[in-house]
Every structure is written in C-alpha cells, then in structure tokens.
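# Reading the structure
Residues per chain are reported as follows:
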Amino acid sequence: MAPAKGRIAVLIEEHFDQTEFRAFNQYFPQHGYEVEYVSHLWGQPSLTFGSNPDNGYVEEHVTVTTEVASVNPSDYAGLILIGAYAMDRLRYQVEIAGPGSRNKAPAVEFLRAAMAVDGLKVGTICHSLWLLCADRELLEGRRVTCAHNIVCDVENAGAEVVYDGGYGTVDLVVDGDLITAKHPQVTREFMDTFVREIEAAAARPAH
C-alpha cells in the first residue's frame, strides 16, 4: 500500500546515529510518510550498515536495497542526511582527478540534483552537513547549524553558521529548502519542522 503522503529518502551508511534512526522509523510513518533508506551499494544488491556503538556495541542495523545513483530525488517528499559519521563515508571517491576537481561520489551527485529541485526539502542533523561540504556550491552563503566539531568544515565551505550567544550553535535553522539541526537531542524538533516545511511547500499553488 502506497504511503499516504509520499516517501522520505534517508541517506545512510556505516556508523549512523541510532537515536535519529529509531525516531525516523517511528515518527514519519505515524505522520503518513514512508522512510526509504538509500546509499551507495558498490554494485551489490544490498548492503547492511551498523549504527555507532554508543553503548559499547552496535545496537541497530539496517539493510539497504536502494542505490543512490539509480533514484530520482523528485520522487521523494523530502530528503534527510542521517547524523554521525555516515555522510563522511558517502562522500568518498575511489579516484580524484586532481586539485580542485569536482567530487563525483554518487551521494554527492544525488545531493546536487536534490538541491536543484525547487521545493524539495533537505534536512541534516549533527555531522551530516559533511556531505554538503564536498561541494562548496551547495553551502556557500547558506545559514545553517551543525555539531560543534564540524563548524570549521562548514564555515570553510562558505556557510554562515548561526550561533546562540555564548552557548555555541543554535538548535535549528531553516534556510529556504534546507533544514539543519545541531544534535540528535533535537531530533523531535527537527522532525516536526521538517514535516511542517514539506506540507507547507505541498500546499502552495503550482506556478
């Protein structure tokens, strides 16, 4: 049975954040959205990834069968980049042409296409802005928030990180179609905002 409101693609790889993973799997179906996990499968029909070993062992696993290079971002209601170290792994390239060359990792190419789709919401939490750092054009001039330990990467990629007085980065920033959150502790606020932004965009009259 098709989801009532569409599918949300979640980019994922090894060392994903389990707090977000559990929350996505519960929250989005309850609000009418199917969650589809997407990754680069390296020519395999499926790959299984594990979460961060937050409590000393890997508690969550996900088997992915959707290859990021074979899907169209326009087929989704929204796109989320899961937190922790997964997005760093997804920007890996086997070969690099040389200094200043364009990152051609399949997930980066997918993200370029996704961010060019008018009205398609893209969400990141914590470390996952790393994937956007693979191409300065995706971040330059954008207002964002992120985990404190990647602020330098994000600012070097040309983004404007939003700060909260003397307490570091703010919890959540909405800049057009890009929704960024600081930490897994604000996952519920992020999901509420993400769904609200998707549904507001869907309600706008078509031009």
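Before reading on, note that the structure itself is shown above.
Residues numbered from 1 in each chain as written. Predicted model: local features only at pLDDT ≥ 70, side-chain atom pairs only at ≥ 80, totals over all residues. Heavy atoms only, no water.

One open sheet accounts for seven strands, arranged S5-S2-S1-S6-S7-S11-S10; its pairing is mixed. At either margin of the open sheet sits one strand with a lone partner, and together these are strand S5 (66-67) and strand S10 (172-175). Against the sheet, helix H1 (residues 18-30) contacts strand S1 (7-11), strand S2 (34-39), strand S6 (78-81) and strand S7 (121-125), and its axis sits at roughly 140° relative to S2. Contacting S1, S6, S7, S10 and strand S11 (178-181), helix H6 (residues 187-203) runs over the sheet at an angle of about 175° to S7. (Pairing = 2+ DSSP bridges. Helix = DSSP H or I, 4+ residues; strand = E, 2+ residues; numbered from the N terminus. Contact = heavy atoms within 4.5 Å. Axes fitted to C-alpha atoms, helices over the stretch in contact; angles between N-to-C directions.)

What follows covers the pattern of salt bridges. Applying the stated rule across the entire model yields 14 salt bridges. As a salt-bridge pair, Asp88 and Arg91 come within 2.9 Å of each other at their nearest N and O atoms. We classify Asp88 as partly exposed; its relative accessible area is 33%. By relative accessible area, Arg91 is classed as partly exposed at 21%. When the shortest N-O distance is used, the salt bridge between Glu160 and Arg143 registers 3.9 Å. Of this pair, Glu160 sits in strand S9 (residues 160-161) while Arg143 is found in strand S8 (residues 143-144), placing the two residues 17 residues apart along the sequence. Residue Glu160 is classed as partly exposed on the basis of its relative accessible area of 43%. The structure contains a network of salt bridges with shared partners spanning Arg22, Glu59 and Glu60. (Salt bridge = Lys/Arg side-chain N within 4 Å of Asp/Glu carboxyl O. Buried < 20%, exposed > 50% of the residue type's maximum accessible area, 1.4 Å probe, protein only.)

So, about empty space enclosed by the protein. What the rule picks out here adds up to one cavity of 30 Å³ or more. Reported here for the largest cavity is a volume of approximately 40 Å³. Along the walls of the largest cavity sit Glu13, His40, Trp42, Arg89, Leu90, Tyr92 and Pro106, which together make up its complete lining. A per-class count over the lining of the largest cavity returns four nonpolar, one polar and two charged. (1 Å grid on protein atoms, 1.4 Å probe; cavity = no way out; pocket = protein on both sides within 12 Å on 5 of 7 lines; lining within 4 Å. Points joined across faces, edges and corners; volume = space filled by probe spheres on them. Nonpolar A, V, L, I, M, F, W, Y, C, P; charged D, E, K, R; others polar.)

Here we come to the packing of H1 against H6. In the contact formed by H1 and H6, the axes pass within 10 Å of each other and the chain directions differ by 40°. It follows that H1 is oblique to H6 by the angle criterion. The handedness of the crossing between H1 and H6 is right-handed. Taken together, the residues of H6 that come into contact with H1 (itself represented by Glu20, Ala23, Phe24, Tyr27 and Phe28) are Thr187, Arg188, Phe190, Met191, Asp192, Phe194 and Val195. (Parallel < 35°, antiparallel > 145°, perpendicular 65-115°, else oblique. Left-handed = near helix turned anticlockwise from the far one by under 90°.)

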